[in-house]
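Observations on chain architecture
So the chains spell out like this:
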Amino acid sequence: MDKQTLAVQVADLTVAYQEKPVLWDVDLDVPQGVLMAIVGPNGAGKTTMLKAILGLLTPAAGHVSIFDKPYQEQRSLVGYVPQRGSVDWDFPTSVLDVVMMGNYGKLGWVRRPGAADRRAAELALEKVGMADYAGRQISQLSGGQQQRTFLARALMQDAQVYFMDEPFQGVDATTERAIVDILKDLRADGKTVLAVHHDLQTVSEYFDWVMLLNVRRIASGPVDEVFTDENLRTAYGGRVGFLNKKP
Amino acid sequence: MTLLELLSSLLTDHTIRTVASGTAILGVVSGVLGSFAVLRKQSLLGDALSHAALPGVAIAYMLTGSKSPAVLMLGAGIAGVLAILVLLNVTSRTRLKEDSVLGIVLSVFFGFGLLLLTFLQRNPDARQAGLNTFLFGQAATLLTRDVQTMAVFGGLALLLVLVFWKEFKLLSFDREFGASLGLPMRGIDILLTTLLVVAVVIGLQAVGVVLMSAMLVAPGAAARQWTDNLGRMTLLSALFGALAGVAGALVSSLGSGLSTGPVIVLCISLIVLVSLLFAPNRGLVWNWLRQWRNRSRLRTEAVLENIYLMSSQHADPTHPHAVTALEAVSGAGNVRRSLEELQRRGLAVPHSDKKWSLTAEGVRSAQARLQPAKDADHE
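Residues numbered from 1 in each chain as written. Chains lettered and ligands numbered in written order. Predicted model: local features only at pLDDT ≥ 70, side-chain atom pairs only at ≥ 80, totals over all residues. Heavy atoms only, no water.

**Some thoughts on the sheet that holds strand β1 (residues 321-322) of chain B**
All names here are of chain B. The sheet built from three strands is open, its strands ordered β1-β3-β2 with antiparallel pairing. Strand pairing shows two members of the sheet lacking a second neighbour, β1 and β2 (348-350), which therefore form its edges. Sheet topology places β1 next to strand β3 (residues 355-358); two bridges connect them, and they run antiparallel. Each bridged residue has a counterpart across the sheet, and for His 321 the counterpart in β3 is Trp 356. (Pairing = 2+ DSSP bridges. Helix = DSSP H or I, 4+ residues; strand = E, 2+ residues; numbered from the N terminus.)

Here it is in structure tokens:
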């Protein structure tokens, strides 16, 4: 295989909130089967980019394709892990119920999740190490367990491309390991992952591709090629003196 | 009149039966739809939509000259839907925050409705039409026909909730995720909000525009206290709404001056109060009890550890210590009660002259308590 298949192609993506551009003319090619981190300073537009790709907000310009077809036609190939702070965890529902929501798009109208969906959800929970929590009320979960619940919901989507918004944000060591394992399993299965990531120290350890973003795309490509001091300084404006890339 | 006689009037008295079935339907429908409003933190939405219905009632009368509740309710419904459209458009097209828009829609629509109402009051025919009753409601005016209309529309609304159950759940919990699945979340939102208008319209005649918002928020808020399951919460909310409706109808039938709407609202408020205080897990009383129990447990454990630490300065870990010494180390709080608790568990024993010591079991327990804490530090 000479030319790699592209899982995600973003062209000219521009998003503006009240005339102020938050994302300016971003192009991005993501080959199939890579784990790509999107890094950049606060306010760089990382979450905005994810949401614009997913069609959750309307971009001023731009085009997104998944496996060479417009995003709208390929929705069933896409999985999404939102920031866990984006929902009210006091909602009256159980962990299993939340995970089964991953299947709502495929179920269609009127139909309720059945025994097969339940089993699939239990399997997804097992993969994230939460098999014992299926019946748990979601308000009783720790932050890491909330994150793993969202991850299980995305696994339930059985997608080809996963978009994750800060999956490692404020999680415990157990959850961090669980997420890393799942990312590796996904890659082994030929899936593609795009994750907004905050911790520059772990980029080269957890991901093989990286995109540096600060309103514009600074660089993107394999970690060992583009995760350079120079690119980081461009993205972060010289405030990365703490970074010790090759220990 | 005894309670039994009052309840039997439900079966024997035609008027009371009609009114009570009307208010029960209103309670069920607003309870179910209000549950979603409560979970979506949209309590103000119900308020705005019910107030917005008033000009619809007045205009429906002006256009048709009809006093038929069905016509007036239709007018109220149209005004409600119009209010939703204004809300959605203003919120998405301007920088105003949703709660500001809700406040504006509420007061503009309601003010306009009041204006029309006072204008119509000059017309004796309109006075007779009793449009005023839509302000605070008058359940006594409910006829069998009205109740049938309420049942049909209420039943339809409930059926739609059942059909779109999982979509409404997803909308309430994680709208963006729903959108990422490709579901038309905006359409689902409009549908749910329209059903909320149906609930408002059903309640207008009996409870009125001013108090209707209580019927949308209170049953759901009360039900949330008792369960962590959306289905059960919605059923319970419907039950609470119906209970308040029937109780309100019965109580107001006792005295001629009691209007039903406010009595129903008082009944549901009572249910809310009881739920806030006494519901297991979420109730305030339950919380106080739990806090108190935790505090006394922690205090007991602190006393156990303190005796152990003091004794470990001696060769004998069961060396007795004076209560006063323990009080000095453990700070304020009821050391004696903690010691008695320890004695009950067989971990400490009293000696003469107000001294206490650990039993062998107590020493083991204290060591076990202190040991894992040290290990955890190294992890």
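**Things to note about unusual backbone geometry**
Trans is the prevailing form of peptide bonds, just as negative phi is the prevailing case for residues other than glycine. Residue and element names in this part refer to chain A. A positive phi angle, near 50°, is found at Asp 25, a position not held by glycine. Since its relative accessible area comes to 42%, Asp 25 is described here as partly exposed. Positive phi is not limited to glycine here, since Val 110 has a value of about 65°. As for its position among the elements, Val 110 is in the loop between α3 (104-107) and α4 (115-127). (Buried < 20%, exposed > 50% of the residue type's maximum accessible area, 1.4 Å probe, protein only.)

**Topic: the interface of chain B and chain A**
On the chain A side, the residues contacting the 29 residues of chain B number 31 residues. Interface area for chain B against chain A, summed over the two sides, is near 2,800 Å², with a carbon-plus-sulfur share of 62%. Broken down residue by residue, the surface that chain B buries against chain A is led by Lys 166, Phe 173 and Phe 177 of chain B, which jointly contribute 28%. Residues Lys 51 of chain A and Glu 176 of chain B are paired through a salt bridge, measuring 3.2 Å at the closest nitrogen-oxygen approach. The interface formed by chain B and chain A includes eleven residue pairs in polar contact (both at pLDDT 80 or more). For the side of chain B that touches chain A, the elements supplying multiple residues, two or more each, are α8 (144-163), α9 (165-173), α10 (175-180), α11 (185-226) and α12 (230-254) of chain B. For the side of chain B that touches chain A, the class distribution of residues is 14 nonpolar, five polar and ten charged. (Contact = heavy atoms within 4.5 Å. Buried area = accessible area lost by both parts, 1.4 Å probe. Salt bridge = Lys/Arg side-chain N within 4 Å of Asp/Glu carboxyl O. Polar contact = N/O pair within 3.5 Å; in protein donor to acceptor, adjacent residues only side chain to side chain. Nonpolar A, V, L, I, M, F, W, Y, C, P; charged D, E, K, R; others polar.)

**A word on the nonpolar core**
In terms of nonpolar packing, the biggest core is built from 172 residues, with Met 49 and Phe 163 of chain A touching the most fellow members. Ranked by the residues each element gives to this core, the list is headed by α11 of chain B, at 20 residues. Setting aside anything within four residues of it in sequence, one finds Met 49 of chain A in contact with Leu 13, Leu 23, Val 26, Leu 28, Ile 38, Met 211 and Leu 213 of chain A. With 17 residues, the next largest nonpolar core counts Ile 307, Met 310, Leu 339 and Leu 370 of chain B among its residues. (Core = buried A, V, L, I, M, F, W, Y, C linked by side-chain atoms within 4.5 Å.)

**Quick word on the environment of Leu 57 of chain A**
Residues and elements named next belong to chain A. With respect to the element layout, Leu 57 can be found in the loop between α1 (46-53) and β4 (61-66). On the accessibility criterion, Leu 57 (16% relative accessible area) is buried. On a C-alpha basis, the gap between Leu 57 and Gly 190 in space is 28 Å, while along the polypeptide they are 133 residues apart. With sequence-adjacent residues up to four places away left out, Leu 57 is seen in contact with Val 15, Tyr 17, Thr 48, Lys 51 and Ala 52.

**Some words on the sheet that holds strand β7 (residues 161-165) of chain A**
In sheet architecture, strand pairing relies on hydrogen bonds along the backbone and comes in two forms, parallel and antiparallel. Residue and element names in this part refer to chain A. Pairing is mixed in the open sheet, where six strands are placed in the order β6-β7-β8-β3-β9-β10. Both edges of this open sheet fall to β6 (78-81) and β10 (216-222), since each of them pairs with a single strand only. Taken pair by pair, the neighbouring strands of this sheet meet at an average axis angle of 15°, ignoring direction. Set on the sheet, helix α6 (residues 173-188) makes contact with β3 (35-39), β7 and β8 (192-196); between it and β7 the angle comes to about 160°. (Axes fitted to C-alpha atoms, helices over the stretch in contact; angles between N-to-C directions.)

**As for the confidence of the model for chain B**
Residue and element names in this part refer to chain B. Per-chain confidence: chain B averages 87 in pLDDT, with 96% of residues scoring 70 or above. Here helix α6 (residues 124-129) stands out as the element of chain B with the lowest mean pLDDT, 67, in contrast to α9, whose mean of 96 is the highest. Note that pLDDT drops below 50 for residues 374-379; the model gives that stretch zero contacts with residues more than four away or on any other chain. Under the prediction, the complex receives an ipTM of 0.91, its pTM being 0.85. (pLDDT = per-residue confidence, 0-100.)

**Looking at the side chain of Arg 84 of chain A**
Residue and element names in this part refer to chain A. Tracing the sequence through the fold places Arg 84 in the loop between β6 and α2 (95-100). Asp 172 provides the closest opposite charge to the buried, unpaired Arg 84, separated from it by 7.9 Å. In this structure the side chain of Arg 84 is engaged in a polar contact, spanning 3.4 Å, whose partner is the backbone oxygen of Gly 143. Contacts of Arg 84, omitting those with residues within four sequence positions, involve Trp 89, Gly 143, Gln 146, Gln 147, Phe 150, Gln 169 and Gly 170. (Lys, Arg positive; Asp, Glu negative; His and termini not counted.)

**Details of the packing of α11 of chain B against helix α13 (residues 260-278) of chain B**
Residue and element names in this part refer to chain B. It is the contact of α11 with α13, at a shortest axis distance of 9 Å, that shows an interaxial angle of 20°. As judged from the angle between their axes, α11 and α13 are roughly parallel. Helix-helix and strand crossings are classified by hand; for α11 and α13 the assignment is left-handed. Of the residues in α13, those in contact with Ala 206, Val 207, Leu 211, Ala 214, Met 215, Ala 218, Pro 219, Ala 222, Gln 225 and Trp 226 of α11 are Gly 261, Pro 262, Ile 264, Val 265, Ile 268, Ile 271, Val 272, Ser 275, Leu 276 and Phe 278. When grouped by side-chain class, the residues that make up the contact of α11 with α13 number 17 nonpolar, three polar and no charged. (Parallel < 35°, antiparallel > 145°, perpendicular 65-115°, else oblique. Left-handed = near helix turned anticlockwise from the far one by under 90°.)

**So, the pattern of salt bridges**
The tally for this structure, following the rule as stated, stands at 17 salt bridges over all chains. Residues Lys 169 of chain B and Asp 97 of chain A are paired through a salt bridge, measuring 2.5 Å at the closest nitrogen-oxygen approach. Here Asp 97 of chain A lies in helix α2 and Lys 169 of chain B lies in helix α9, a pairing that spans two chains. What makes Lys 169 of chain B buried here is its relative accessible area of 7%. Of the charged contacts, one joins Arg 187 of chain A and Asp 208 of chain A as a salt bridge, the two residues approaching to 2.6 Å between their closest N and O atoms.

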